[in-house]
Amino acid sequence: EEPFFPQVSFLSAFRVRAAYGESGQRPSFRDAAKFFSPVSVMISDVDVPGVTIGSEATGFGAGNALLKPEKSKEYEFGFDLGFLGDRLALELTRYDKTTYDALIARDLPGSLGATAFRLENIGRVRNHGFEMLLKAKVFDTPNASFDLTLNGTTANSRILELGEGIEPIPVNSDFQIHKEGLPPGSYYQAPYTFSDANGDRLISMDEVVVADEPVGLGTPFPKRMLSVTPDLTLFRYVRVSGLFEYRGGHKLLNLTERFRCNFTQTCRGLQDASAPLEEQARAMATLLGTEAGFVEDADFVKFRELAVTLNAPERWAGRMGVASVSLTLAGRNLKTWTDYTGFDPGANENAANTNFSTDEFNTQPQVRYFTARVNVGW
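All of the points below concern the structure found in this document. (Residues numbered from 1 in each chain as written. Predicted model: local features only at pLDDT ≥ 70, side-chain atom pairs only at ≥ 80, totals over all residues. Heavy atoms only, no water.)

## Description of the state of the cysteines
Next, step 1: Per the stated rule, a full pass over the model turns up one disulfide.
Next, step 2: Covalently, Cys261 is tied to Cys267 through a disulfide, its sulfur atoms 2.0 Å apart. Disulfide Cys261 to Cys267: torsion about the S-S bond roughly 110°, handedness right-handed.
Next, step 3: Since its relative accessible area comes to 1%, Cys261 is described here as buried. (Disulfide = S-S within 2.5 Å. Buried < 20%, exposed > 50% of the residue type's maximum accessible area, 1.4 Å probe, protein only.)

## Things to note about the sheet that holds strand E14 (residues 215-218)
Next, step 1: A sheet is described by the order of its strands in space; here four strands give the open sequence E9-E10-E11-E14, paired in antiparallel fashion. Edge positions in the open sheet fall to strand E9 (169-171) and E14, since each of these has one partner strand only. When strand polarity is set aside, the average angle formed by the axes of neighbouring strands in this sheet is 50°.
Next, step 2: Bridging between strand E11 (residues 186-189) and E14 involves three bridges; their strand directions are antiparallel. In the sheet register, Tyr188 faces E14, and the bridge partner there is Gly216. (Pairing = 2+ DSSP bridges. Helix = DSSP H or I, 4+ residues; strand = E, 2+ residues; numbered from the N terminus. Axes fitted to C-alpha atoms, helices over the stretch in contact; angles between N-to-C directions.)

## What about the packing of aromatic side chains?
What describes a pair of aromatic rings is the distance from one ring centre to the other and the angle between the planes of the rings.
Next, step 1: A complete count under the given rule lists eight aromatic pairs for this structure.
Next, step 2: Centroid distance Phe244 to Phe303: 4.5 Å. Interplanar angle 10°. Geometry classified as stacked. Taken together, the positions of Phe244 in strand E16 (residues 238-248) and Phe303 in strand E19 (residues 300-311) put the pair 59 residues apart, joining distant regions of the chain.
Next, step 3: We classify Phe244 as partly exposed; its relative accessible area is 29%.
Next, step 4: The exposure class assigned to Phe303 is buried, which follows from its relative accessible area of 17%.
Next, step 5: Taken together, the aromatic side chains of Phe259, Phe263 and Phe361 make up a single cluster linked through ring pairs.
Next, step 6: The cationic tip of Arg94 hangs over the ring face of Phe130; the distance from NZ or CZ to the ring centre is 5.2 Å.
Next, step 7: The side chain of Lys302 reaches across the aromatic face of Phe300, ending 5.3 Å from its centre. (Phe/Tyr/Trp six-rings, centres within 6.5 Å; stacked < 30°, edge-to-face > 60°. Lys NZ or Arg CZ within 6 Å of the ring centre and 35° of its normal.)

## Concerning the packing of helix H1 (residues 255-262) against helix H3 (residues 277-287)
Next, step 1: At a minimum axis distance of 9 Å, the contact between H1 and H3 shows a crossing angle of 70°. By the angle between their directions, the pair H1 and H3 is classed as roughly perpendicular. Crossing of H1 against H3: the hand is right-handed. Contacts between H1 and H3 involve Glu257, Arg258, Cys261 and Asn262 on the former and, on the latter, Arg282, Ala283, Thr286 and Leu287.
Next, step 2: Across the contact of H1 with H3, the residue classes tally to three nonpolar, two polar and three charged. (Parallel < 35°, antiparallel > 145°, perpendicular 65-115°, else oblique. Left-handed = near helix turned anticlockwise from the far one by under 90°. Contact = heavy atoms within 4.5 Å. Nonpolar A, V, L, I, M, F, W, Y, C, P; charged D, E, K, R; others polar.)

## As for the nonpolar core
Next, step 1: With 12 residues, the main nonpolar core is built from Phe175, Tyr187, Leu252, Leu253, Leu255, Cys261, Cys267, Ala283, Phe294, Val295, Ala298 and Tyr340.
Next, step 2: Those elements that place two or more of their residues in this core are strand E17 (251-253) and H1.
Next, step 3: Beyond its immediate sequence surroundings of up to four residues, Phe294 is in contact with Leu252, Leu253, Asn254, Glu257, Arg258, Cys261, Arg282, Ala283 and Thr286. (Core = buried A, V, L, I, M, F, W, Y, C linked by side-chain atoms within 4.5 Å.)

## A word on the environment of Pro170
Next, step 1: Positionally, Pro170 belongs in strand E9.
Next, step 2: Take Pro170: its relative accessible area is 30%, and that puts it in the partly exposed class.
Next, step 3: Spatially, the C-alpha atom of Pro170 lies 9.7 Å from that of Ser186, the residues being 16 residues apart in sequence.

## What to know about a nonpolar patch on the surface
Next, step 1: On the surface, Leu310, Leu327, Leu329, Val374, Val376 and Trp378 cluster together into a nonpolar patch covering about 620 Å² of accessible area.
Next, step 2: The set of elements that each furnish at least two residues to the nonpolar patch consists of strand E20 (324-338) and strand E21 (369-377).
Next, step 3: Its location among the elements puts Val374 in strand E21.
Next, step 4: The exposure class assigned to Val374 is exposed, which follows from its relative accessible area of 57%. (Patch = residues over 30% accessible without salt bridge, like charges linked within 9 Å, V, L, I, M, F, W, Y side chains within 5 Å. Areas by Shrake-Rupley, 256 points an atom, 1.4 Å probe, with all protein chains shown as cover. Salt bridge = Lys/Arg side-chain N within 4 Å of Asp/Glu carboxyl O.)

Next comes the structure, spelled out in structure tokens:
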């Protein structure tokens, strides 16, 4: 709308925007305080009262008098474009966020006689990426219209520093780690190589070589996310909509299969001579002390939802004494496409995602279900 901006027939909107902000996240009200739990102790065959530090259920409660809020500084900039009378609209945003004094649950040695974890303020963490929203009205006629929406995000995170004198922090029974230069909660295991040296299509332990040092194997959090939402309307009375979701660039620890190989020794890699060499090798490698073979690519595409809505004509609704009536039939979690070999690449047994812990261990996959709903308006 400014006189200096050239008028282009196909460009209907152009906006540039930028923002900067600071925010904080405070610990919960008692994270800095040590508290005790009452217990009963047997001494000389007599129950006497006692206390333990913190809570066995949560693993917290040792307290940290030096604890303070974490603080974040973020800036973003982007632009919005509209084409052909806003029949096609694009929003693109770049964001960059740095968190200082990040709140991290740090393992405590058992020799302290305290709790398993204690919250501490540790170093700096950076998160950055892009956000994109694309809306398109593909066609719009009196009898039919079709809209398409794409919503995408990239997300990259890295620990810039842990703090002076702080060693890398193991997470999730040493499967993951907080370490400078790696994303928070990265999977951290010793890699291995294998070869079928004698050509018998069977991998033995002496055909697997495990590296001396662990390395970062990837983040459990998606680096790329995209959702696609098509929406078709026919004759004003029938609407068909769907949702497809993609997530990629991340890993997931298949702890279910690792447990079967390492503890029950019932996994295919150990019991089936026709199993792929990769499965045999990871089964041998876990017996040699590394779980790297069970940190799998977790990229997936999910057909999240399909819904069909039937709207009754207004005169039909009027005969029933109401303003509107509609029937919606919907299905959720209809299909998953992935190379992940476990139950569900989107599963996590640690539902609260405590301290970045992420793995799939006999976790129920997302349930497929169908619903029918009737909406009546007055």
